[in-house]
2 protein chains.
Amino acid sequence: MSSVVSLAEISRAARPLNWLDSIIKGDCVAALNALPDNSVDVVFADPPYNLQLGGMLHRPDQSLVDAVDDDWDQFASFEAYDAFTRAWLLACRRVLKPTGTLWVIGSYHNIFRVGAILQDLHFWILNDIIRRKTNPMPNFKGRRFQNAHETLIWATPNAKAKGYTFNYEAMKAANDDVQMRSDWLFPICSGNERLKGDDGKKVHPTQKPEALLARILMASTKPGDVVLDPFFGSGTTGAVAKRLGRHFVGIEREQDYIDAAAERIAAVEPLGKATLSVMTGKKAEPRVAFNTLIESGLIKPGAVLTDAKRRYSAVVRADGTLASGGEAGSIHRLGAKVQGHDACNGWTFWHFEEGSSLKPIDELRSVIRNDLAKLN
Amino acid sequence: MSSVVSLAEISRAARPLNWLDSIIKGDCVAALNALPDNSVDVVFADPPYNLQLGGMLHRPDQSLVDAVDDDWDQFASFEAYDAFTRAWLLACRRVLKPTGTLWVIGSYHNIFRVGAILQDLHFWILNDIIRRKTNPMPNFKGRRFQNAHETLIWATPNAKAKGYTFNYEAMKAANDDVQMRSDWLFPICSGNERLKGDDGKKVHPTQKPEALLARILMASTKPGDVVLDPFFGSGTTGAVAKRLGRHFVGIEREQDYIDAAAERIAAVEPLGKATLSVMTGKKAEPRVAFNTLIESGLIKPGAVLTDAKRRYSAVVRADGTLASGGEAGSIHRLGAKVQGHDACNGWTFWHFEEGSSLKPIDELRSVIRNDLAKLN
DNA sequence: CTAAAAGCTGAATCCTAAG
DNA sequence: GCTTAGGATTCAGCTTTTA
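An unreviewed UniProt entry annotates chain A as Methyltransferase of Sinorhizobium psoraleae. UniProt, in the comment section headed Sequence similarities (unreviewed entry), describes chain A in these words: "Belongs to the N(4)/N(6)-methyltransferase family."

(A) Local environment of the pairing of strand E5 (residues 124–133) of chain B. All names here are of chain B. Among the 10 residues in E5, nine count as buried, and that is most of the element. Two elements, E5 and strand E6 (residues 149–156), share eight bridges in a ladder whose sense is antiparallel. Bridge pairing in E6 links arginine 132 to histidine 149. Two strands pair when backbone bridges link them, and E5 and strand E7 (residues 183–186) are joined in this way by four bridges, in the parallel orientation. Each residue of the ladder has a partner; that of isoleucine 130, found in E7, is aspartate 183.

(B) Structural context of the protein's contact with DNA strand C. All names here are of chain A. With respect to spatial proximity, 39 residues lie near DNA strand C, and among them Gln52, Arg59, Tyr108, Lys141 and Lys202 are the closest. Here a base nitrogen of DNA strand C and a side-chain polar atom of aspartate 46 are 3.2 Å apart. Contact between DNA strand C and tyrosine 49: a base nitrogen at 3.2 Å from a main-chain N or O atom of the residue. Its residues assigned to classes, the surface near DNA strand C comprises 20 nonpolar, seven polar and 12 charged.

(C) Representation of the protein's contact with DNA strand D in the model. All names here are of chain B. Near DNA strand D lie 27 residues; those nearest to it are Tyr168, Lys172, Gln179, His332 and Arg365. In terms of residues, the surface near DNA strand D owes the most to one element, helix H5 (residues 168–174), which gives three residues. For the surface near DNA strand D, the residue count by class is 10 nonpolar, 10 polar and seven charged.

(D) The arrangement of the sheet that holds strand E4 (residues 96–106) of chain B in detail. Residue and element names in this part refer to chain B. Read across the open sheet, the nine strands follow the order E1-E2-E9-E8-E3-E4-E6-E5-E7; overall the sheet is mixed. Of all strands in the sheet, those with a lone pairing partner are strand E1 (3–6) and E7, marking the two edges. Going from strand to strand, the sheet's axes swing by 20° on average, the running direction of each strand aside. One ladder, built from two bridges, connects strand E3 (residues 40–45) with strand E8 (residues 226–229); its direction is parallel. Within E8, the position partnered with valine 42 by the bridge is valine 227. Against the sheet, helix H8 (residues 255–266) makes contact with E1, strand E2 (22–25) and strand E9 (247–252), and its axis sits at roughly 175° relative to E2, the strand it touches most.

(E) Expanded view of the nonpolar core. Ranked by internal contacts, the top residues of the largest apolar core, which has 70 residues, are Leu102 and Leu228 of chain A together with Leu102 and Leu228 of chain B. Residue contacts for leucine 102 of chain A: discarding those within four places in its chain leaves Val43, Leu89, Cys92, Leu96, Leu118, Phe123, Ile153, Trp154 and Ala155 of chain A. Residues Leu213, Ile216, Ala241 and Ile265 of chain A belong to the second largest nonpolar core, which totals 42 residues.

(F) How the structure looks around the interface of chain B and chain A. With 54 residues of chain B in contact, the opposing surface of chain A contributes 54 residues. In total, about 4900 Å² of surface goes out of reach between chain B and chain A, with carbon and sulfur atoms giving 50% of it. Considering only the side of chain B, the residues that lose the most area to chain A are Phe112, Phe145 and Arg181 of chain B, jointly responsible for 19% of the buried surface there. For the pair chain B and chain A, the number of links is four salt bridges. Where arginine 132 of chain A meets aspartate 183 of chain B, a salt bridge forms, and the shortest distance between an N and an O atom there is 2.6 Å. Where chain B touches chain A, the interface holds 33 residue pairs in polar contact (both at pLDDT 80 or more). For the side of chain B that touches chain A, the secondary-structure elements that each account for two or more residues are helix H4 (111–120), E5, E6, H5 and E7 of chain B.

(G) Geometry of the sheet that holds strand E4 (residues 96–106) of chain A. Residues and elements named next belong to chain A. Pairing is mixed across the open sheet formed by nine strands, whose spatial order is E1-E2-E9-E8-E3-E4-E6-E5-E7. Each having just a single partner strand, strand E1 (3–6) and strand E7 (183–186) make up the two edges of the open sheet. Here the average twist between neighbouring strands, direction ignored, is 20°. Along the sheet, helix H6 (residues 210–220) contacts strand E3 (40–45), E4, strand E5 (124–133), strand E6 (149–156), E7 and strand E8 (226–229); its crossing angle with E7, the most-contacted strand, is approximately 140°. Contacts from helix H8 (residues 255–266) reach E1, strand E2 (22–25) and strand E9 (247–252), with the element oriented near 175° to E2.

(H) Up close: the packing of helix H4 (residues 111–120) of chain A against H4 of chain B. Between H4 of chain A and H4 of chain B, the least distance of the axes is 7 Å, while the angle of their chain directions is 120°. What the angle tells us is that H4 of chain A and H4 of chain B run oblique. Considering how the two elements wind past one another, H4 of chain A and H4 of chain B form a crossing that is left-handed. Within the contact between the two elements, H4 of chain A uses Ile111, Phe112, Arg113, Gly115, Ala116, Gln119 and Asp120 of chain A and H4 of chain B uses Ile111, Phe112, Arg113, Gly115, Ala116, Gln119 and Asp120 of chain B. Split into classes, the residues belonging to the contact of H4 of chain A with H4 of chain B amount to six nonpolar, four polar and four charged.

(I) Expanded view of the pairing of E8 of chain B. All names here are of chain B. Residues of E8 alternate between two faces, with Val226 and Leu228 on one and Val227 and Asp229 on the opposite face, all of them buried. Where E8 lies against E9, four bridges are found, and the strand directions are parallel. Among the inter-strand pairings, valine 227 is bridged to a residue of E9, identified as phenylalanine 248. As a crossover connection, the stretch from E8 through helix H7 (residues 236–243) into E9 is right-handed.

The rules we used
Residues numbered from 1 in each chain as written. Chains lettered and ligands numbered in written order. Predicted model: local features only at pLDDT ≥ 70, side-chain atom pairs only at ≥ 80, totals over all residues. Heavy atoms only, no water. UniProt positions renumbered as here; feature names shortened; annotations may be inferred. Buried < 20%, exposed > 50% of the residue type's maximum accessible area, 1.4 Å probe, protein only. Helix = DSSP H or I, 4+ residues; strand = E, 2+ residues; numbered from the N terminus. Pairing = 2+ DSSP bridges. Near = heavy atom within 4 Å. Polar contact = N/O pair within 3.5 Å; in protein donor to acceptor, adjacent residues only side chain to side chain. Nonpolar A, V, L, I, M, F, W, Y, C, P; charged D, E, K, R; others polar. Axes fitted to C-alpha atoms, helices over the stretch in contact; angles between N-to-C directions. Contact = heavy atoms within 4.5 Å. Core = buried A, V, L, I, M, F, W, Y, C linked by side-chain atoms within 4.5 Å. Buried area = accessible area lost by both parts, 1.4 Å probe. Salt bridge = Lys/Arg side-chain N within 4 Å of Asp/Glu carboxyl O. Parallel < 35°, antiparallel > 145°, perpendicular 65-115°, else oblique. Left-handed = near helix turned anticlockwise from the far one by under 90°. Right-handed = clockwise from strand over helix to strand, strands pointing away.

And the structure:
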């Protein structure tokens, strides 16, 4: 898995070719044009934001902010940025299946232009999603509100496209049995997750957190689907797709990013089939979940939970449900089921191992709640 | 306070006219064109969202959702909506002071178009703000994420406008002493706050919560400022402006909305002056020169100052400069120089000995400022 | 050794009055 | 218009150093 393919190779080869699970080196639009029609289930795009930064910015302690001033984020004008945006969006639509959807992420610098062009091209917006950051960079000069979020747009290729994938039940179960909202909260990508070179410096200036991609793919794809990222960067989309049993295609111009992404993806261990099964609706086993803990890394998919006396055990799945003895469901339903009860508070029933002792998962929820409380 | 003025009256009258704290009946652009240049401190605009709703929507219990399908929300095309948007934005810019700012609120149906046009017209975006709703309407069909937010854009009339009002200190203090973020959480407008007619039905379909307007006005205006709302509706902007000691101007076409707004605003009791005073930071303090400390005898020529960790030291000279190792300059320049920085706040960097402890010379400046305050 | 303190950093359109 | 200089300004999370 995860080979690197040159644009020339794709163009030469008879289609279909082995471009799945590979990184295509080259210009985004040219590479897209080399791919077959209707071949991709979801596009996730993290295009340049066109930040238009002025001079240097210092923190109050006089240290210099390491700004995003790379060449790839420079555009001569809004017109140039708009033309670029139209080109890659049109190229993406051709390779998208009629039932596919497209995600774009951006900030106020570019997202309004992207959104308006999406509408002009007759894409159909399903949602705008707010990626709230728990730990954004402050506004050092006190002249604006702290810019604490980014915006995602989720759209179908046209207004009449109805067959797109949205794992509504799984999202709802993963959100304590209420439907998933349009405002999502994640930490920025830092710590061990952040790729660093031999010099200790970040490999890519804008690496996205895996938790964000995990929610996007769990919401809008099924296992085996093909996910295309036309601005692959350090390969977060590929890493999460592989882990979640989805195919990926990445397009990237810079060899340094390609090298880092290929190595990163090669190290990813895919999750097992049982962990990946996605809830399909009311016909599926009644389930609930708790995936903020999963997305935050407090509990990992595949982890085993037990009750306080270790009479029962269950495995955590990636969509935020539990599985045990052929049964699956939310923490509440499965807790009830294994005990033969009608109801159960999964938060206090299920425990995790810490050292040699067992603790209720409710303690982990408190951790999250404390974080949330700080934001309100 | 709060009279209703016809467009004809304004046009006939010699300016300046008593259009403050009144509702102007008429078309938004025509009414704006009747107002003088550079006369408004803040515009708050809640334009039609151009919702493009298809058929009727029913809840799972088959009850009908009361959608926004009013005539004023219907546009023939994106082009028509864009032309309308350009027209009112340009008209607003003319009446805005150079130091003024503009707020617009919208949803994914229209905000991307509004934002892109703002940029095309060379407005300069300061922030996009997310209004998170604690109690948004669910997605009844389970085909999308619950649309739980709206987006505001805050902008200056052009990129070079620097003198706008942002009550940073007040916002920070109101937010548990950490700077205010771009994601705001409010309940939707309901209960007693929601205006209802004699028939018990809501007066306006998109009435905004007063808490939202209060935060906007507390952040970006001073008492006595003029706030213009070109889509006045049920008059939330006017009610909050009056309560907070700001002037308002509302523009509205529909007589029913005007009547409801006028009655509502008349019932508002303004807060007292003491309640309205805005918290300010050091930026607003009178300037005190370092020389003043020497002249007043608080610091004597020849005294030795150090940084908080005694890593650097300097001698006070009679002319109000510091000297250290052959270098000399203002407290700021020399502080920067000894640290190898471009800039430095000498008031907080340099310390003097008091007993056995070190104190920043900023404390001596406070002494002077307190004396000055007694003279006023 | 642990605990506390200090240091570092993140998609940033980040000052303003006086001369 | 310009330049110059006074001096105001940061949150959370992780890592490294010091006590």
